[in-house]
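Descriptive analysis of the structure
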Amino acid sequence: AHATTTTTNTATTLSTTTQQDIVYTIMIKNDSSFGSNLNDIQWLCQLIAKNNFLHKLHLSNVKHLLAFDKFHFLLQHSFLHTFNDDVSYPYLHEISINSYHHFNDDCFKLLLDVIDKKCPALTHLNVCRTDISAQSVKQLIAFWNAAHNVRHPLWSIDIEFCPKIKDDTLQLIWEYLQQHPLRKVYIKVTGKELFPDHLFDDQRLSVSVYPT
């Protein structure tokens, strides 16, 4: 079964994995109006809160929805809804929240809290082209180092083209990779001024460079 519903620039796609279980994708891209009123966000909250078969969540350049207060409301009334205390999202494998320059470390901390509590199967996280900094990278490493997350499957991280992630942040990532040589992980990050003594030889770390 396959169904698609579209509201303005918002598309929600449903696809099946088995005859019994239906998983769905939420994708909102380049929408300057969605989330400007509470009705939009409440509708999205109800969809997520009432159906934990969410497979992928993609929010790209949605300025109203990704503003801190709206984003906090979304997470609190969907994944972290009071009636969802015992509910997890075992089919959610990918979260992509990108291309919004006001999505900052506080927003990332909220998102990581949801991943920690509700997303035991998440493998891919994309927060590229946002305002996160080294603080978010430290939070991510702390998440991986937590005893209950030693076997968490999150392995693919895209933090490219985040202006506040400086070259010294690469050292934090490199040190983590050295300390965990057997962990499956792939991190895409962007540097600005890479010198010969700052080359990172690890297939798990992909470094792009800002054009000069």
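Scope of this entry: the structure provided in the associated data block.

Parameters and conventions
Residues numbered from 1 in each chain as written. Predicted model: local features only at pLDDT ≥ 70, side-chain atom pairs only at ≥ 80, totals over all residues. Heavy atoms only, no water. Phe/Tyr/Trp six-rings, centres within 6.5 Å; stacked < 30°, edge-to-face > 60°. Helix = DSSP H or I, 4+ residues; strand = E, 2+ residues; numbered from the N terminus. Buried < 20%, exposed > 50% of the residue type's maximum accessible area, 1.4 Å probe, protein only. Lys NZ or Arg CZ within 6 Å of the ring centre and 35° of its normal. Contact = heavy atoms within 4.5 Å. Expected span 1.5 Å × (residues − 1). Pairing = 2+ DSSP bridges. Right-handed = clockwise from strand over helix to strand, strands pointing away. Arc of directions from axis to C-beta. Polar contact = N/O pair within 3.5 Å; in protein donor to acceptor, adjacent residues only side chain to side chain. Axes fitted to C-alpha atoms, helices over the stretch in contact; angles between N-to-C directions. Parallel < 35°, antiparallel > 145°, perpendicular 65-115°, else oblique. Nonpolar A, V, L, I, M, F, W, Y, C, P; charged D, E, K, R; others polar.

1. Observations regarding the packing of aromatic side chains
Enumeration according to the criterion identifies five aromatic pairs in this entry. Arranged with centres 4.9 Å apart and planes meeting at 20 degrees, the rings of Phe53 and Tyr91 form a pair that is stacked. Of this pair, Phe53 sits in the loop between helix 1 (38–50) and strand 4 (54–60) while Tyr91 is found in the loop between helix 3 (68–76) and strand 5 (94–98), placing the two residues 38 residues apart along the sequence. A residue is classified by how much of its surface remains accessible, and Tyr91, at 27% relative accessible area, is partly exposed. With centroids separated by 4.8 Å and ring planes inclined at 65 degrees, the aromatic side chains of Phe79 and Tyr89 adopt a geometry described as edge-to-face. Here Phe79, found in the loop between helix 3 and strand 5, pairs with Tyr89, found in the loop between helix 3 and strand 5; they are 10 residues apart in sequence, far enough to count as distant. Comparing Phe79 with Tyr89, the two get one shared label, buried. Sitting over the face of the ring of Phe161, Arg129 holds its NZ or CZ atom 4.4 Å from the ring centroid.

2. Digging into the environment of Val114
Mapped onto the elements, Val114 comes out in helix 4 (residues 105–118). For Val114, the contacting residues outside a window of four places in its chain are Leu75, Phe79, Leu80 and Cys119.

3. As for helix 5 (residues 134–145)
Along its 12 residues, helix 5 runs 16 Å from first to last C-alpha, staying within 8% of the 16 Å computed at 1.5 Å per residue. Looking only at helix 5, the buried set comprises Ala134, Ser136, Val137, Gln139, Leu140, Ile141, Phe143 and Trp144. In this structure, the buried side of helix 5 is in contact with helix 4, strand 7 (156–159), helix 6 (167–179) and strand 8 (186–191).

4. Quick look at the pairing of strand 7
Residues of strand 7 alternate between two faces, with Ser156 and Asp158 on one and Ile157 and Ile159 on the opposite face, all of them buried. In the sheet, strand 6 (residues 124–126) pairs with strand 7 via three bridges, with the strands oriented parallel. Bridging from a neighbouring strand, Asn126 pairs with Asp158 of strand 7. On the question of chirality, the crossover connecting strand 6 to the parallel strand 7 by way of helix 5 is right-handed.

5. A short note on helix 3
Of all the positions in helix 3, only Phe71, Leu74 and Leu75 are classed as buried. Each buried residue of helix 3 lies within a common arc of 90 degrees when the element is viewed along its axis, so the set occupies one face. Residues of helix 3 that are buried in the fold lie against helix 1, strand 4, helix 2 (63–66), strand 5 and helix 4.

6. A word on the side chain of Asn126
Mapped onto the elements of the fold, Asn126 is located in strand 6. A polar contact is formed between the side chain of Asn126 and the side chain of Ser96, at a distance of 3.5 Å. Setting aside anything within four residues of it in sequence, one finds Asn126 in contact with Ile95, Ser96, Ile97, Asn98 and Asp158.

7. Describing the packing of helix 5 against helix 6
When two helices pack together, their arrangement is captured by the angle between the axes and the distance separating the axes. For the pair helix 5 and helix 6, the least separation of the axes is 10 Å and the interaxial angle reads 10 degrees. When the axis of helix 5 is compared with that of helix 6, the two are roughly parallel. Taking contact as the criterion, the partners of Ala134, Val137, Lys138, Ile141, Trp144 and Asn145 in helix 5 are, on helix 6, Thr169, Leu172, Ile173 and Tyr176. Here the contact of helix 5 with helix 6 is built from residues that sort into seven nonpolar, two polar and one charged.

Treat this as a map of the structure, not an account of what it does.
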